[in-house]
Amino acid sequence: MTKKEKNNLQKEIINVIAPGESGRLILAPRCGKTKIIIDLIKRDKIKGKILWVTPTSKLAEEDIPKEFEKWKAKKYLKQLETTTWKSLVNCKGKYGIIVLDEEQFMTANNASPLINGDLVSERTISMTGTETKYQSKKDLYNKLNLKIIY
């Protein structure tokens, strides 16, 4: 995929997602999922806190904040909180948006704050390059009202 094709795909995806819409993005690896979400945050001028859930501490503590700087969203860093899937069980509160990066890491246990209402948001976007085959994961997504948007 050329840079131009990648940019066009990213714009197409952002145009498909309605302001305030929650759901799942199932996209090929290396197509710029992080940039898409950051562009969405900028487009919709997200108010309130942003919770970004990732598989690793390095992604949470270093890589995601660097991506906000790289994609000219530095002003949102003060709203950004990051955590790992493992630590999600310790999270509580209300957010403007919750981003579930690599949704395949979701389990009934780590998603419990989302399910029991300890963790709420105006919208939730999950994303992955690895669509699940497991019904138990699909049931979790349905319980959280996360339908496939793209």
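Residues numbered from 1 in each chain as written. Predicted model: local features only at pLDDT ≥ 70, side-chain atom pairs only at ≥ 80, totals over all residues. Heavy atoms only, no water.

*Asks:* Hey, could you run me through the overall build of the protein chain in this one?
*Replies:* Tallying secondary structure elements over the protein chain gives five helices and seven strands in all. What you see in the protein chain, going N to C, is helices and strands ordered as α-β-α-β-α-β-β-β-α-β-β-α. In summary, the protein chain has a C-alpha radius of gyration of 14 Å against a globular reference of 15 Å for 150 residues, a match within 12%. Projecting the C-alpha coordinates of the protein chain onto the three principal axes gives extents of approximately 40 × 35 × 30 Å. When burial is assessed residue by residue, the protein chain has 44% of its 150 residues classed as buried. Within the protein chain, contacts between residues at least 6 apart in sequence are counted, and of these 76% link residues at least 24 apart. Taken as a whole, the protein chain presents about 8200 Å² of accessible surface, with 52% of it coming from carbon and sulfur. (Helix = DSSP H or I, 4+ residues; strand = E, 2+ residues; numbered from the N terminus. Rg over C-alpha atoms; globule rule 2.2 N^0.38 Å. Buried < 20%, exposed > 50% of the residue type's maximum accessible area, 1.4 Å probe, protein only. Contact = heavy atoms within 4.5 Å. Areas by Shrake-Rupley, 256 points an atom, 1.4 Å probe, with all protein chains shown as cover.)

*Asks:* Please explain a positive patch on the surface as it appears in this structure.
*Replies:* A cluster of basic side chains, namely K45, K47, K75 and K78, defines a positive patch on the protein surface. Relative to the helices and strands, K78 is located in the loop between α3 (57-70) and β3 (80-84). A residue is classified by how much of its surface remains accessible, and K78, at 72% relative accessible area, is exposed. (Patch = residues over 30% accessible without salt bridge, like charges linked within 9 Å, V, L, I, M, F, W, Y side chains within 5 Å. Salt bridge = Lys/Arg side-chain N within 4 Å of Asp/Glu carboxyl O. Lys, Arg positive; Asp, Glu negative; His and termini not counted. Charge placed at Lys NZ, Arg CZ, Asp CG, Glu CD.)

*Asks:* Explain the nonpolar core here, please?
*Replies:* One broad trend across soluble globular proteins is that nonpolar side chains are buried collectively. Counting 25 residues, the largest nonpolar core has L25, I37, I41, W52 and F68 as its most contacted members. Elements with a minimum of two residues in this core: α1 (3-16), α2 (33-44), β2 (50-54), α3, β5 (97-101) and β7 (124-128). Non-local contacts of F68, meaning those with residues more than four positions away in its chain, are made with I38, I41, W52, A73, K74, Y76, L77 and L80. (Core = buried A, V, L, I, M, F, W, Y, C linked by side-chain atoms within 4.5 Å.)

*Asks:* Help me understand the packing of α1 against α2, please; the structure alone is not making it clear to me.
*Replies:* In a pair of packed helices, the angle between the axes and the distance between the axes together describe the arrangement. Viewed as axis vectors pointing N to C, α1 and α2 meet at an angle of 50°, and their least axial separation amounts to 10 Å. Classed by the angle they form, the pair α1 and α2 counts as oblique. The two elements α1 and α2 cross, and the hand of that crossing is right-handed. The segment α1 lies against α2, with Q10, I13 and I14 engaging K35, I36, D39, L40 and R43. Among the residues making up the contact of α1 with α2, the classes are represented as four nonpolar, one polar and three charged. (Axes fitted to C-alpha atoms, helices over the stretch in contact; angles between N-to-C directions. Parallel < 35°, antiparallel > 145°, perpendicular 65-115°, else oblique. Left-handed = near helix turned anticlockwise from the far one by under 90°. Nonpolar A, V, L, I, M, F, W, Y, C, P; charged D, E, K, R; others polar.)

*Asks:* Would you explain the sheet that holds β5 in this entry?
*Replies:* The strands making up a sheet are joined through hydrogen bonds of the backbone, oriented either antiparallel or parallel. Spatially, the five strands line up as an open sheet ordered β1-β7-β5-β2-β3, and their pairing is parallel. In this open sheet, the two edge strands, each paired with only one partner strand, are β1 (23-26) and β3. Neighbour to neighbour, the strand axes of the sheet diverge by 15° on average, direction disregarded. When β5 meets β7, the two strands line up parallel, connected through four bridges. Bridging across to β7, V99 finds its partner in I125. (Pairing = 2+ DSSP bridges.)

*Asks:* Looking at this structure, how should I read the environment of L140?
*Replies:* Topologically, L140 is positioned in helix α5 (residues 135-143). Sequence spacing of L140 and T54 is 86 residues, and the spatial spacing of their C-alpha atoms is 17 Å. If we ignore the near neighbours within four places in the chain, the residues touching L140 are M106, T107, A108 and I115.

*Asks:* Explanation requested: the environment of K70 in the structure shown.
*Replies:* Tracing the backbone through its elements, the reader meets K70 in helix α3. Each C-alpha atom, one on K70 and one on K6, is 17 Å from the other, the two residues being 64 residues apart in sequence.

Honestly, that's just the spatial picture; any functional story needs more than this.
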